[in-house]
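This is what each chain is made of:
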Amino acid sequence: MSRVAPAVAAVRTAVRKALRDAAPSAAPPPPPSPAPAAAAGPLALVACSGGADSMALAEAAGFVGARLGWRVGLVTVDHGLQDGSRARAESVAAWARRAGFAPVEVLPVTVSGRGGPEAAARDARYRALTDAARRLGASAVLLGHTRDDQAETVLLALARGAGPRGLAGMPARRERDGVLWLRPLLSVRRDQTRAACAALGLEYWEDPHNTDPAYARARVRTTALPALVAALGDRVVDNLARTAELVAADDAALTRWAERVLADLPATDRELPVAGLRELPAAVRTRVLHAWARSLGVPGAALSHRHVAALDALVSDWHGQGPAYLPGGRVVRRRGDRLLAEPPRGGATAGGQV
């Protein structure tokens, strides 16, 4: 029996762990022997762009999935942003069908919206993947982000002045919009996925956007992170990714604390008592206010630090000041010992603060 290349083993091990960890909520216990391709079981969809990371992920999912009682399908998103993008997507789909993935689909999307081209493409991609997962009845969607991607995410968050949620990076597992998202390769380096593709004879595509200086992440990937590695050593990548793991654990604990506080308060969809909030640690109090604002219908993506700081000032630095204006047109004023959410008045502009 030929020995499996170390990079191939690393990728397969990471995928096997992710699918096993997901099994209690999404999959039946694995059969005693490898299951045939047509066996019944929960469906895992691999989101594959055709790059080295997602090709290595797809191969590993196909290899270990059936052995763990999963059916494995593949979807590839055509963003339509480059010449030949449709042909490349069809090529990935054709490879997947030959490799035995089922179902296999190409998902064309229209990229438009605010927040820059990177954010608009990401939003369009996740909408398409979410719709496909629901339509196909997938129990999980596998994404190909690596440890290097995580390090880049932390650097971007630092540069943008993000709080713990940003520094926590990308979660290895997350349930959102009724879909379980898995990132098995956050423990795997990018050079390992390339080595795995080479060992397996998998052809992959190099997306020019990944090195286009017009994009912030590309600048971090090609300039900022290599400069840090040159100055401080290759362990920088692992250390940045480990920082995300540590911050994520702390953030989760503080968030759970805040959720318990909010659940114990006699809050409504319009009012929040302030008694006791001021004595809480700021890290917990601001999370309570963030969660309450979300319960008002304020879009989470638009709720920034300055909005929460304005709410916090009404609790911890109250001296009769005016209201806080939140995204979505919500206005929050203090009335005695409570915060009161009300519609905007007098031409106030949502998103600002007084």
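Quick note: structure is the one above.
Nothing here was measured: the structure is a model prediction, and the numbers come from that model.

1. Let's talk about the pattern of salt bridges
Tallying each qualifying case throughout the model produces 19 salt bridges. Across the salt bridge formed by Glu 206 and Arg 194, the nearest N and O atoms sit 2.6 Å from each other. Residue Glu 206 is found in the loop between helix H7 (190-200) and helix H8 (216-232), and its partner Arg 194 is found in helix H7; the two are separated by 12 residues along the sequence. What makes Glu 206 partly exposed here is its relative accessible area of 45%. Between Arg 338 and Glu 271 there is a salt bridge, and its shortest N-O distance comes to 2.6 Å. Residue Arg 338 is located in strand E10 (residues 338-342), and its partner Glu 271 is located in strand E7 (residues 271-273); the two are separated by 67 residues in the primary sequence. Note on Glu 271: relative accessible area 29%, which makes it partly exposed.

2. Digging into the pairing of strand E9 (residues 330-335)
Bridge count between strand E8 (residues 324-326) and E9: three bridges; the pairing is antiparallel. Considered in E9, the bridge of Leu 326 is made with Arg 330. Inspection of the sheet shows E9 paired to E10 by five bridges, in the antiparallel sense. Residue Arg 333 lies in a different strand from E10, and its bridge partner there is Leu 340. Between the end of E9 and the start of E10, which pair antiparallel, lie two residues, with Gly 336 showing a positive phi angle near 65 degrees.

Cut-off values and rules
- Residues numbered from 1 in each chain as written.
- Predicted model: local features only at pLDDT ≥ 70, side-chain atom pairs only at ≥ 80, totals over all residues.
- Heavy atoms only, no water.
- Salt bridge = Lys/Arg side-chain N within 4 Å of Asp/Glu carboxyl O.
- Helix = DSSP H or I, 4+ residues; strand = E, 2+ residues; numbered from the N terminus.
- Buried < 20%, exposed > 50% of the residue type's maximum accessible area, 1.4 Å probe, protein only.
- Pairing = 2+ DSSP bridges.

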